[in-house]
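In case you want the letters, here they are:
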Amino acid sequence: MEPMSPSELKYKIERREAVLGVIGLGYVGLTVACAFAEAGFQVVGLDIKADRVAMIRDGLSPIAGREPGLAELLAHVVSIGRLRATTDYVHLAEADVVLIDVETPVNADHHPEYSALTSACRSLGQIMKDGALIIVESTISPGTMNNIVCPLLEQASSRRVNVGFYLGTCPERVMPGKLLSNLHSISRVCGGFTPETAELMATLYRSIVHAELNMTDVITAEMVKTTENAYRDVQIAFANEVALICEAVGANVWRVRELVNKSPFRQMHMPGAGVGGHCIPKDPWLLIHAGRDKTASGLITAARAVNDRMPLHMADLTVQALRDEGRDIVGAKVAVLGYSYLEDTDDTRNSPSERLVARLRQLEADVVIHDPWVTEYQGQVLDCVRDCDAIVVMVAHQAYRVLDLAALKTAVRSPILIDGRRVFSVDEALKAGFHYRGVGQSRVSQ
Ligand code: SAJ
């Protein structure tokens, strides 16, 4: 039987008659599966985790944290039979389009760890429909589509790309806490092996993306995604390095940043206690990996080192502040406020607080942790800081912004406040009787 032509597939997509498969039902895959189901497609979602599939089959979202609208949408599209979840690849054989949304981490040597991606390609290749459109949404190192994904799919399917199947990559651009809204509102890059495939992809995504769809080739699409996050990482590292210089010269980095950003075309990012999350710490390494044997990438590598050092700098500030109070870090009780990687989320992946806590414990401090969003660290802040020798703020949770510093002052043993995210102003900290040190704010105390 002749494979579907691109125009036949385009017709099926436009009429929402195409069956969609999604491999990987994590925060990206599940969200996109629900969105296409809501748009009218029949969607088959596949995940290797049977418990996750079981929850989805029951119309329950396995995604932790607050994701407005997602749980309700999932329940709805499952109840009307528009989204079916499975652990068995055989159910993807009917799919006209398959999205691959599996994890693409980097290993300890900062190289891509593609076991999930290669396994998905091999399993899909063995059963995929003739003429199917395969789209990788996972973030991948530039060159991965040409050097890994395409050969694996051709080998497993005994078909040739652009003849027996169509192939492209459309990197995801979602953020925890805003998954559904981002999916609909942020522009996407549709990188196809051919312009016709890119056009097919745009036709598909137009049903859920109400923003620009930019068609291009696969290497460009791979470069854009890894570059946009490496850009952010380098910008944050620049802000952090300026903050360290401000501490050295006695300036306030926040005032410096405010005035720098009044200069045209300046957008200095925010210095802070470090860079965590699922994207920013990882994607620069995927970008560097692509050019590893051919060009230097000193700047991007150095930026990663600057950002990774910030949690250790927070430990240094704590040690210095205790010393100023005549106290030793050894045996000091230190309260760490904030364990997620970002304000007002429960996501702790690559959290800077993890590095800080490890460092403080290595220095033999007695560390207590609080985070209103992370189950194991919830509770009253006052109880957490009681009798402590220093408070270290690592995350700008809204709950911390409204804390009564005067009340905290009565609970602590020594009034030291180390602020990694400028949650408090120097004046309010001093007024409450704290000795205050902030990233980029040279030592300020009475
Ligand atoms: N951070 C700083 N200074 C800044 C901005 C962030 O220290 O100026 C820290 C945060 O505290 C956090 C980390 O960097 O620990 C990452 O923060 P983020 O705001 O970049 O949030 P993410 O990790 O959710 O990044 C996502 C990315 N989106 C996608 O990958 C689709 C990123 O490209 C977005 O720019 C970012 O969201 C966003 O704009 O919210």
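Everything that follows concerns the structure shown earlier in this document.
The structure contained in this document is the topic of the report that follows. Treat the numbers as computed from the prediction; the structure is a model and nothing was measured.

What follows deals with the packing of helix α1 (residues 6–14) against helix α8 (residues 195–205). The description of two packed helices rests on the angle between their axes and on the distance between the axes. One can describe the packing of α1 onto α8 by two numbers: an axis separation of 9 Å at closest approach and a directional angle of 10°. Of the possible angle classes, the one that applies to α1 and α8 is roughly parallel. Counted together, P6, L9, K10, I13 and E14 of α1 and E199, L200, T203 and L204 of α8 form the full contact between these two elements.

Lining the immediate surroundings of the ligand are 19 residues, of which K225, N229, R232, M270 and Y341 lie closest. Taking K225, its side chain carries an N or O atom lying 2.9 Å from an oxygen atom of the ligand. One of the side-chain nitrogen or oxygen atoms of R232 is found 2.6 Å away from an oxygen atom of the ligand. Protein chains shield 87% of the accessible area of the ligand, which is 730 Å² for the free molecule. Counted by class, the shell around the ligand contains 10 nonpolar, 5 polar and 4 charged residues.

Where two aromatic rings form a pair, the distance of their centres and the angle of their planes describe that pair. With the rule as written, the count across this model stands at 3 aromatic pairs. Ring geometry for F36 and F41: centres 5.6 Å apart, planes at 85°, overall edge-to-face. Classification of F36 by relative accessible area gives buried; the value is 0%. Summarising the aromatic geometry, the rings of Y339 and Y377 are spaced 5.0 Å apart at their centres and angled 55° between planes, so their arrangement reads as tilted. With Y339 in the loop between β9 (333–337) and α13 (352–362) and Y377 in the loop between β10 (366–370) and α14 (381–385), this residue pair connects regions lying 38 residues apart in the sequence.

Okay, the state of the cysteines next. Tallying each qualifying case throughout the model produces 0 disulfides. Free cysteine: C279, not disulfide-bonded; nearest cysteine sulfur from C170 at 15 Å.

A separate point is the nonpolar core. The nonpolar side chains of a soluble globular protein tend to be buried with one another. Residues F36, L83, L204 and Y205 are the most contacted members of the largest nonpolar core, which totals 47 residues. Looking at which element gives the most residues to this core, the answer is helix α2 (residues 29–38), with 7 residues. With near-sequence residues (within four places) excluded, Y205 lies in contact with F36, L99, I135, E137, C170, R188, C190 and L213. Grouped together as the second largest cluster of nonpolar side chains are 35 residues, M268, A273, A332 and V357 included.

Cut-offs and rules
- Residues numbered from 1 in each chain as written.
- Predicted model: local features only at pLDDT ≥ 70, side-chain atom pairs only at ≥ 80, totals over all residues.
- Heavy atoms only, no water.
- Axes fitted to C-alpha atoms, helices over the stretch in contact; angles between N-to-C directions.
- Helix = DSSP H or I, 4+ residues; strand = E, 2+ residues; numbered from the N terminus.
- Parallel < 35°, antiparallel > 145°, perpendicular 65-115°, else oblique.
- Contact = heavy atoms within 4.5 Å.
- Near = heavy atom within 4 Å.
- Polar contact = N/O pair within 3.5 Å; in protein donor to acceptor, adjacent residues only side chain to side chain.
- Areas by Shrake-Rupley, 256 points an atom, 1.4 Å probe, with all protein chains shown as cover.
- Nonpolar A, V, L, I, M, F, W, Y, C, P; charged D, E, K, R; others polar.
- Phe/Tyr/Trp six-rings, centres within 6.5 Å; stacked < 30°, edge-to-face > 60°.
- Buried < 20%, exposed > 50% of the residue type's maximum accessible area, 1.4 Å probe, protein only.
- Disulfide = S-S within 2.5 Å.
- Core = buried A, V, L, I, M, F, W, Y, C linked by side-chain atoms within 4.5 Å.

So, to be careful, I would describe these as geometric facts and stop short of saying anything about function.
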